[in-house]
Structure formats: C-alpha cells, structure tokens
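Examining the three-dimensional arrangement
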Amino acid sequence: MNAMTSPPAPGSSLRVPIEGMTCASCVGRVERALSRLPGVATAQVNLATEVAEIQGAAPLDLATISRAVEDAGYRIGTRTVDLAVDGMTCASCVGRVERALKRVPGVFDATVNLATERAAVTAAASVEDAALIRAITDAGYSAKRPAASDTEGQPPEAAAGSFGMSREARHLLIAALLSLPLAAPMAALLWGEHWMLPGWIQWALATPVQFWLGARFYRAAWKSVRAGTGNMDLLVALGTSAGYDLSVYHLLQPALDHGIRPLYFEASAVIITLILLGKFLEARAKRQTTEAIRALQALRPSTARVRRGDQDVDVPLAEVRVGETVVVRPGECFPVDGRIVQGRTHADESLITGESLPVAKVEGDRVTGGAVNGEGPVLVETLAVGAESALARIIRLVEDAQARKAPIQRVVDRVSAVFVPVVIAIALVTLLAWGLMGGDWTQAILNAVAVLVIACPCALGLATPTAIMAGTGVAARAGILIKDAEALERAHEIGVVAFDKTGTLTRGTPVLVEAVPANGNASQLLSLAASLQAGSEHPLAHAVLEAAAGLPRVEMRSARAVAGRGMEAELGGQRVLLGSEAMMREAGIDLAPLADRADAMRNQGHTISWLARGTGTEKTLAGLLAFRDEPRPEARSAVARLHALGVRTVMISGDNEGAARSVARLIGIDEVRANVLPAQKAEAVMALRGGATVAMVGDGINDAPALAAADVGIAMGTGTDVAMHAAAVTLLRPQLTLVADAIDISRRTTRKIHQNLFWAFGYNVIGIPLAAFGLLDPVIAGAAMAFSSVSVLANTLLLRRWAPATQVESETAHDPQTAQA
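Remember, predicted model here, so these are calculated numbers, not experimental data. (Residues numbered from 1 in each chain as written. Predicted model: local features only at pLDDT ≥ 70, side-chain atom pairs only at ≥ 80, totals over all residues. Heavy atoms only, no water.)

Our next topic: the overall build of the chain. A count of helical and extended segments in the chain gives 30 helices and 30 strands. Buried positions account for 50% of the 821 residues belonging to the chain. Residue pairs at least 24 apart in sequence account for 68% of intrachain contacts in the chain once pairs closer than 6 positions are excluded. As displayed, the chain offers around 36300 Å² of accessible surface, 56% of which is attributable to carbon and sulfur atoms. (Helix = DSSP H or I, 4+ residues; strand = E, 2+ residues; numbered from the N terminus. Buried < 20%, exposed > 50% of the residue type's maximum accessible area, 1.4 Å probe, protein only. Contact = heavy atoms within 4.5 Å. Areas by Shrake-Rupley, 256 points an atom, 1.4 Å probe, with all protein chains shown as cover.)

Take the confidence of the model for the chain next. Per-residue confidence for the chain averages 79 on the pLDDT scale, and 85% of its residues sit at or above 70. The secondary-structure element of the chain with the lowest mean pLDDT is helix α30 (residues 816-820), recorded at 39, while helix α22 (residues 635-644) shows the highest, at 93. Low pLDDT, under 50, characterises residues 1-11; the stretch is placed with 38 contacts to residues that sit more than four places away or in other chains. Note that pLDDT drops below 50 for residues 149-164; the model gives that stretch 36 contacts with residues more than four away or on any other chain. (pLDDT = per-residue confidence, 0-100.)

What follows deals with the pattern of salt bridges. A side chain of one charge can pair with a side chain of the opposite charge when the charged atoms of the two come close. Scanning the model with the defined rule gives 24 salt bridges in all. Across the salt bridge formed by aspartate 109 and lysine 102, the nearest N and O atoms sit 3.9 Å from each other. In this structure lysine 102 comes out as partly exposed when scored by relative accessible area, which is 22%. Counted as one network, the salt bridges with shared partners bring together Glu581, Arg585, Asp599 and Arg602. (Salt bridge = Lys/Arg side-chain N within 4 Å of Asp/Glu carboxyl O.)

This brings us to a nonpolar patch on the surface. Taken together, the side chains of Leu428, Leu432, Leu436, Met437 and Trp441 make up a nonpolar region of the molecular surface, amounting to roughly 580 Å² of accessible area. Considering every element that reaches the nonpolar patch, the biggest residue donor is helix α13 (residues 409-438), with four residues. Structurally, tryptophan 441 is set in helix α14 (residues 441-454). (Patch = residues over 30% accessible without salt bridge, like charges linked within 9 Å, V, L, I, M, F, W, Y side chains within 5 Å.)

This paragraph deals with a positive patch on the surface. On the surface, Arg167, Arg219, Lys223 and Arg226 cluster together into a positively charged patch. Structurally, arginine 167 is set in helix α5 (residues 167-188). On the accessibility criterion, arginine 167 (41% relative accessible area) is partly exposed. (Lys, Arg positive; Asp, Glu negative; His and termini not counted. Charge placed at Lys NZ, Arg CZ, Asp CG, Glu CD.)

This paragraph deals with the UniProt feature "transmembrane region" (unreviewed entry) in the chain. UniProt tags residues 172-191, 263-281, 415-437, 443-463, 756-773 and 779-799 as "transmembrane region" (unreviewed entry). The span residues 263-281 is 89% helix and 0% strand, and its two end C-alpha atoms sit 30 Å from each other. (UniProt positions renumbered as here; feature names shortened; annotations may be inferred.)

Moving on to the packing of α22 against helix α27 (residues 737-772). Two elements in contact, α22 and α27, have axes separated by 7 Å at closest approach and are oriented at 25°. Judged on the interaxial angle alone, α27 and α22 are roughly parallel. Counted together, Ser637, Ala638, Arg641 and Leu642 of α22 and Thr737, Val739, Ala740, Asp741 and Ile743 of α27 form the full contact between these two elements. For the contact of α22 with α27, the residue count by class is five nonpolar, two polar and two charged. (Axes fitted to C-alpha atoms, helices over the stretch in contact; angles between N-to-C directions. Parallel < 35°, antiparallel > 145°, perpendicular 65-115°, else oblique. Nonpolar A, V, L, I, M, F, W, Y, C, P; charged D, E, K, R; others polar.)

Before going further, it helps to examine unusual backbone geometry. Even without glycine at this site, serine 558 takes up a positive phi of about 55°. Tracing the backbone through its elements, the reader meets serine 558 in strand β21 (residues 557-562). Unlike most non-glycine residues, asparagine 675 shows phi in positive territory, near 55°. As for its position among the elements, asparagine 675 is in the loop between β27 (671-673) and α24 (681-687). Taking the relative accessible area as the measure of exposure, asparagine 675 reaches 47% and is therefore partly exposed.

This brings us to the packing of aromatic side chains. With the rule as written, the count across this model stands at four aromatic pairs. Measuring from centroid to centroid gives 5.7 Å for phenylalanine 211 and tyrosine 218, while their planes differ by 25°, and the two rings are stacked. Look at tyrosine 218 and you get partly exposed, because its relative accessible area is 26%. Ring centres of phenylalanine 758 and tryptophan 759 lie 5.8 Å apart, and the angle between their planes is 70°; on these two criteria the pair is classed as edge-to-face. (Phe/Tyr/Trp six-rings, centres within 6.5 Å; stacked < 30°, edge-to-face > 60°.)

Where strands meet in a sheet, backbone hydrogen bonds hold them as pairs that are either parallel or antiparallel. The antiparallel open sheet is built from six strands, whose spatial order is β10-β9-β11-β17-β12-β15. The strands lining the two open edges of the sheet, one partner per strand, are β10 (311-316) and β15 (366-367). Pairing of strand β11 (residues 325-328) with strand β17 (residues 378-384) involves four bridges; the strand directions are antiparallel. Residue pairing in the sheet places valine 328 in a bridge with valine 378 of β17. (Pairing = 2+ DSSP bridges.)

The residue glutamate 634 is located in the loop between β25 (618-628) and α22 in this model. Of the polar contacts made by the side chain of glutamate 634, one reaches the backbone nitrogen of leucine 736; its length is 3.0 Å. Beyond its immediate sequence surroundings of up to four residues, glutamate 634 is in contact with Pro734, Gln735, Leu736 and Thr737. (Polar contact = N/O pair within 3.5 Å; in protein donor to acceptor, adjacent residues only side chain to side chain.)

A few words now on the pairing of strand β28 (residues 693-698). Counting buried residues in β28 gives six out of six residues, a clear majority hidden from the surface. Of the two faces of β28, both are covered, the one formed by Thr693, Ala695 and Val697 as well as the one formed by Val694, Met696 and Gly698. Of the strand pairs in this sheet, strand β19 (residues 494-500) and β28 are connected by five bridges, and their pairing is parallel. Bridged to valine 497 within β28 is alanine 695. Relative to strand β29 (residues 712-716), β28 runs parallel, the two sharing four bridges. Across the sheet, residue alanine 695 finds its bridge partner in β29, namely valine 712.

Next up on the list: the sheet that holds strand β16 (residues 372-373). Ordered by their spatial adjacency, three strands build an open sheet running β14-β13-β16, and the pairing between neighbours is antiparallel. For this open sheet the edge positions go to β14 (359-361) and β16, each flanked by a neighbour on one side alone. Here two bridges tie strand β13 (residues 345-348) to β16, and the two strands are oriented antiparallel to one another. Across the sheet, aspartate 348 pairs through a bridge with valine 372, a residue of β16.

What follows is the structure in structure tokens.
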C-alpha cells in the first residue's frame, strides 16, 4: 500500500479499520504487531467493529502502521474520497491543500488537481468527510462532496446573471469600462496628446476596480496569510495595493510643478482588469480541455422506454433493472448495455469506441449504452446499467487518469512550494535596493510592484494537468483509454512492442485454407469432413462447415469426440476418423503419402487435421485439412506504423518456430519468441526490458500477467474489467493500428507538457529579473502575468486537433473523392 506519513499529535489516539480478521487469534496478532512499533503506547483491537485503537506516546507514522498490519497478514481498510475544492488559483494553492489533507490523522495520500479543482483523498475508512472538508477550510479554501450530476473536470463558474452573462464576464466588462478612461490618456501620450483626467476622477474610477472587482484577490490573500502561506492572489493584492496607495498618497500631497501629480491609478486598475481577463480566458480554455469527457457524459440519457407487460413505459434510468426489455427507436441513444432480442439496425459508436462508421447489429449482438440507434426500432435485453455500464466504466477511467499527477509534476510541486515566498523576498530586495541606492522611492515601489505582478505560479500549476486532461480526453474519443498520467508519460518512451499472436495479431478464429485428398477430389474430402462434424462446436469444425457450405452431406451414425484426438463416426459399415497425427498413428494409418506436404504446411504456420476411413485394420488415409489463423487485415500496416515511429516489434507465441515465423514474415514483425508457454509470457516480456521501455499487447484476459509485467500493458478488446485492471492502456475496439495511435498521443501530450513548463518557467525566469532591474512597466508585467496562463492553455488546446491515423485512413478509404485525390 502506498501510504504517506500522517502523524497525529503526541498523546492522541488513532482509530484504524483492520480488514481480514476472523477470530481472537487475529486480534492478538494485530495487537502484538502494533504494540512493537516505536511510539505506540497501547494498541487495542476490537474484532466486532474491526477497528484498532492506537494510543501514541510519540508522533506515529501511518506508513509504518500500515506496513506492520500488512506484515501480520491483514490490511488497513481504506476508501477514496472525491472533493470539489473552490478558491484555488495557482500551484501554491494546490500544495497547500495537499499538505492540509495529509495532516489529517488517517489520511494516506491526497492529490489535488488545479485544472479540475478536485481533490482525491485516500484515507482510512474511519476518516469522516467532515474532517477532510474542515482541513481544507482551515487552509483558506472551501470544499464539498460533488453531486452525482456534477460535470467532472469542469471548473465551477459563477451563476449566469442578466443578459445570460456569467458573473466573471460581467466583472470583466465593468472593469474594462472603468479602466479604459485611465489607460487611454497614457496611450495618447505616445502621439503627443494630453488627455489626462483630473486626479480625483482617476481615483473615483480606480477605487471600484481595486476594492470591488478586485475584492476576490484580497479575500484569497487574507485566507492565505491566515494559513501562514502565500499564493498568486497575495502577490496581486500586494502589488496593486502598493500602486494604488502610492497614487492616493501623491493625490493628497501638494501638486508638483505645473500642477502635475505622479499618479499610477491606471497601473493598478489595468493590472486587475488584465488579470480578470486572463482568468476569464483561462476558465474557458479549461472547459475546452475537458470537452471529450463532457461529450461522453452527455451520451447518458436520463430515461429509458421499458416494455412492461403490453405497455412501453418511460422510467428514470436509475429504475431500469438487469433483464428488463428496453425499446429503442431510430435516432435514440441506447440507454443501457444489452443484447438485441428483436430487430436489426446500425449503431453509431463513434463517441465511445472511436469507430467512425456505423456498426451493423442483429439479434444476439451486444450494444453499448450511449451508442446511437441508426435505423429501425429494436428491443434490447438489459445486461448492465448505471455504474456497471461500459460507458460509466470508461468515464471513470478517463476521470481517474485526468485527476492523477504525472511524475514530472513532482518537480513543479517542489518549485511551487517556495515560489511565492521567494518572489516576495525578491520584491522586497528590489524595493530596498532602488530606494536606498537611487533615492527614488516612487520608482522603487513601481519596480517592486512589477516583480510581484509578473510572477506567475498559475501557469506552473496548469501546465501539466491541462495537457493530461486534453491528451486523455482526445485519446478516449478515439477509443484509447489511458489508465493514469504515469502511463501516459511512460508510453512516450516505448521502444519495443511485444505482441501476443493468437487473437491479437491474428483473428483468433481458424479458417480452412486447403483440403488435400490422398485419392479422389477435394470436394469429396470436404463433404466427408463436414458430414462428420455437423454437430460439433469446435473452432476447426466451424471452419470446415463454413468452407463446405453448399456441398452435399451424408448421414453418419454414432459420432463422438475422442478427447485430445479428434472425432470418429460410422458410415456404411466403415469407421471415419478425423483428428490429429497421434490419432492416426494409434489407428495404424500410414501417413507417408502426404507427410512431406504436411511438414511444408506446418512450416508455413498451418494446423493439420487428418481424415481416414475403413474397417478393422484396413483403414486408409483419405486426406488432410490445413487450417490457419489468418492475420488481422490491418496487422501489417499497424506494424509498419510502429516501425515508422522507431519502435521494434516482437511476437511472443506458444506456436512452434516455423508457424510463428511464418505469421511474423507476413506482417513484418522484427523478432519472434516461439514455444513460449502461457506461464512464461511474463518472463519473456521481462527479458525484453534491458534498457528499453517495453509495451505488451494482448487480449487482456489470458495475457494479464504479461500485461502487468510490461512497462506499459495494452489490452485489446472491448474494455473488460480484467483488461482495464491488468493494462495501463485499453483499446476499445480490437484494431491494431490503435497501438501506434496510443504511442503517438502519448508523445504529443508529453511534448505539450514540456512546452508548457518551458513557457511557464520562462515567463518567470525572464520576467522577474527584468522587473527587478526596472526594465518592465507594472502594466506590461500585469499583462504578461495574465496571459502566461492563457498561452499555456492555448498551447494545450492544440492537442484537441489530434486525430488518430486510424480514423483518418478509415475516412479516406470511405470517401471516394478523397481517395481519388
């Protein structure tokens, strides 16, 4: 268990839920394990409530307690709490909220996302929500449990008011109208025009901007000071207040020569207006980064039309039960996961799986809730609803990935923890240096103000999470589910992709490729084999029956399966045998006439079945049937795309060397590991990891150990629970070209993170020294600070234009004009 330190105060008690205890001896074992820990005075465990009461004579390390319980053979009961946090403005706020939550006794870990304004807390099951919310409130913010209907990842906004404008937009408009008369005369000076307003009018215009529209900065700054830390709002409040107060001071002093007073009301007002503009644009951009997840959420209808008796009744979706029949009309979304029991249609699953073309659905086919019924009305038997539906699982996975931090964010967090105190110190040094050395305290104050307002911890806080939100969002839209931010960041380094063969590189269903008779013709041989296997459910039997469609059949008697060998039956007094080479040799049948042909076919990757007939010991070889599991049609192009990305490809197969290499040659695989048993696949993956990041692609069920052993596990299929838990990446449709798309979006997202951090650090590294040396006007500094976050978010939003090459190729193939061009 990944636990964080959470020390209660000395002498305090800690209640920890214990899971896995069954009897009094379990109680004694846990108590002894806890009592031996340093700092534990007493430990009492209650079997009925399954709670350990730990008295600490010294600060307790929750991580140590957790390890002790696990070493004793039990585990601490934990839960994950999701909280909506309001009032955060920058990366410093994120660090403060995380530290406040981790100080709550019983909290193991806490992760706060500035872009989504959410906190994910892992805590002991006994920790109450109220304690977590109180910790956030004491840190200067507000928090609540999000309602079920809340849109994940969408930052809270002020309610819309008159004319449909949000509070943010109204405040921005008013600030701009009040600041424009202050800023316009400054611009007019460039052309020699003197439009300067009287000082008291400037004061009247600037004061509402400073203390009404800028009140949010003072409130947040005060909370920050009370919590003993600093944030962006503190920098803004200090900087603009210094400019405003200096102007008021000069306004109250006698005028200088020609009645001119050095007033800087326009600087403080315009800085606040520009920051409000930046916040407005930032909020809009953050909403756009979560567009994909909100599009998925919008797929969920609120009601379903359920057939009850002879009537169709519209009921809330929450009241639909598994097994009930739902009526879905053309153009409506399927409200539940289910199976079509009547009717046929085409389903548009583009927003769920990324498949651009509608998929044909007939009776017996499964449909996914959220897909659109394209044609006729259908009846659907409900298989899953609510949280258990595929769409709900997809949304949860994307939300989890967007909420987690990438490893690179840890560096940003360390910088943010000291950012504001360092900036305030630099501003103070700037003030004293200019004032004491130059004697011009007005200029000293202006330069210190420029230092305070150029500093931008917001961009640092938004650089990584917004890129992750945009990247995982567009990936989900394309049918690629990325489990967490760490997987997204690690996937960009993939140098080797290992594929399972059967069902991954191949279709997983054998087809009959050749029927070779010993005597007679192939049609007679095929007719005989199909007659023998008429009632069999074996995959090879299905291949024979499909190939023999339309050929005459003969009726056989006493047909039976011979375990591990094949089948046999009676026909006109003769025994007919169909099966493996071992079955033929046990029956004394000479295979020499077709032995060379069989060996050549095996080396080409074919599976061989033999057919013989006769009486007693007089049985003769009738011929052989050659089967092959055909490669997926897109396998070759998928491997070629990986090669174009500089990725080496490996096939891991349990087949013999010849069969495996035959398939590898067809699709262009670089390396083959054959004769690998299922239990050895994980070892084979580990052996490939020498200095390279390895991805394993499998079906997510029988390949689960190998998927877990790889640096990045990629599960193909429809997102089953096993696949989603074993793999870091799940492909919602079994299309191999999505593997290269997953690597591509990972590389692009990681590149955006690095670019964003470059811009975020660059603004501060360049801007703060310029301001300190007096080379940056406070208004310009405020504009740079306001637009630093906007530029980072604008760069992130370029990810929304990404489309998988799979989709582009599909659309091109089905667009005659594009294809012709």
